[in-house]
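# Coordinate inspection notes
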Amino acid sequence: MAMARFLLAVGAIVILWHSGECVHHRNAFDGISGCLQFDNVPGYHDPQLYIPTSLFRNMVRTPHSRILRMGIVGVNDGIFRYGRSAFPANGEQVVESVLGGWSNTKSAGRLQVRRRNIENTVLKETETPRIMSGSRPLVFKMEVFDNAIKGCRQFDNVPGYNDTQVYMATTTFANVGRTSNSRSFRFGIVGPNDGIIRFGRSTYPFDEAVVELVVGGWRNTQSVARRQTRRRDHTYNNVLLKEASTPQLLCRSRPLLFRIDNGRVQLTKDGERRPFFEYSDSQYAIPADYIAFVKFDVNLIYFYDCPLEDESVDSGDSVLLRCSLA
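Residues numbered from 1 in each chain as written. Predicted model: local features only at pLDDT ≥ 70, side-chain atom pairs only at ≥ 80, totals over all residues. Heavy atoms only, no water.

The name that an unreviewed UniProt entry assigns to the protein chain is AGAP006193-PA-like protein, with the source organism given as Anopheles sinensis.

Following this line, the structure appears as structure tokens:
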């Protein structure tokens, strides 16, 4: 059976549907056995009933997330909102997710502020044709992760390996750690494999060396550092600097957060002291003055210019939302 994947990045929210995870039932409505039902649904502009998730009987907690299971029956526009309170005050922000909107062709995430007039900020839209149905429920799991990437900037229009890259000047970053001989940056990657970061001396580094870091390459089994020289015709030469086994480092449903220390280059995961990858290239020390994010064979989301203090993470808010058909 062909498997369809839809990835929706909503600011700091990631929604994933994966039809290969469907549970097959003798009757489509067997999938909602044991669920509570809500069918007196208010209109889009009516006062809403916000239900505290603390009252839910069926919620799985992990060290870093909460998992809920929900279902929707209808031909289009399944809309749910969530926020911090039962009565979002005038001017308080909520997140609005629209599943199967636009005549059941697209889904979207919006940051919404309700005053006399509604203010919507579109965070992301993605094609999800015929995901809703009037005759069977769309049942999905929703996993809400801790606020690991609060304060980060997001980059999700990622060019391919041999495409023209967008190199960003690190002098524009607000969050840079500095010592007498190094700089440190904090990044995040969401995706199944091959997170690729390049850095060098200029915004157009043709015919000059850059460092290429491959995080979770080779089907998410290894990470490498290479010194790479690219020419304008997109041919390139690689010199291997370091290779290490890093099995199952990346994940498509939660971010890998790590720091890069650009003295002796070290990659260290959040919450850990020892780097999971490090190398030294003193003969050709290349500074991280400009940084680019690259993909190889799958879509990725990068987070950059993240706050350096781990203590800034507020685990009370949710930033990652993973939905899979159930």
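Resuming the write-up.
### Side note on the pairing of strand S17 (residues 236–245)
In the case of a regular strand, side chains alternate between the two sheet surfaces. Inclusion rule: Whether two strands pair comes down to DSSP finding at least two bridges between them. Where helices and strands are cited, they refer to DSSP runs of H or I of at least four residues and of E of at least two residues respectively, numbered from the N terminus.
The sheet contact formed by strand S16 (residues 222–230) and S17 spans nine bridges and is antiparallel. Pairing of Arg226 across the sheet is with Leu240, part of S17. Where S16 hands over to S17, the hairpin turn is made up of five residues, of which His234 adopts a positive phi near 70 degrees.

### Thoughts on the state of the cysteines
Each disulfide consists of a covalent bond between the sulfur atoms of two cysteine residues. Put simply, the rule is: Cysteine sulfur atoms that pair up within 2.5 Å are treated as a disulfide. Burial status follows relative accessibility: with a 1.4 Å probe on protein chains alone, a residue under 20% of its type maximum counts as buried, one over 50% as exposed, and anything between as partly exposed.
Within this structure, the stated rule accounts for one disulfide. The residue that forms a disulfide with Cys152 is Cys306, at a sulfur-sulfur distance of 2.0 Å. For the disulfide bridge between Cys152 and Cys306, the dihedral angle about the S-S bond is near 120 degrees, and by the sign convention the bridge is right-handed. Placement of the pair is Cys152 in the loop between strand S9 (133–146) and strand S10 (153–155) and Cys306 in the loop between strand S22 (301–304) and strand S23 (318–325), with a sequence separation of 154 residues. Neither residue differs from the other here; Cys152 and Cys306 are each classed as buried.

### Looking at unusual backbone geometry
Although it is not a glycine, Ser103 sits at a positive phi angle of roughly 60 degrees. Mapped onto the fold, Ser103 is located in helix H1 (residues 101–104). Among the residues examined, Ser103 registers a relative accessible area of 66% and is labelled exposed.

### Notes on the sheet that holds strand S5 (residues 78–82)
Using the following cut-off: Interaxial angles span 0 to 180 degrees and are taken between N-to-C directions of axes, which are lines fitted to C-alpha atoms, for helices over the stretch in contact.
On the basis of which strands lie adjacent, the open sheet formed by four strands has the order S5-S6-S7-S8 and antiparallel pairing. The open sheet has two edge strands, S5 and strand S8 (118–127), and neither has a second partner. Shown here is a sheet whose adjacent strand axes are inclined to one another by a mean of 20 degrees, direction ignored. Note: strand S6 (residues 93–100) against strand S7 (residues 106–114), six bridges, orientation antiparallel. Pairing of Val94 across the sheet is with Gln112, part of S7.

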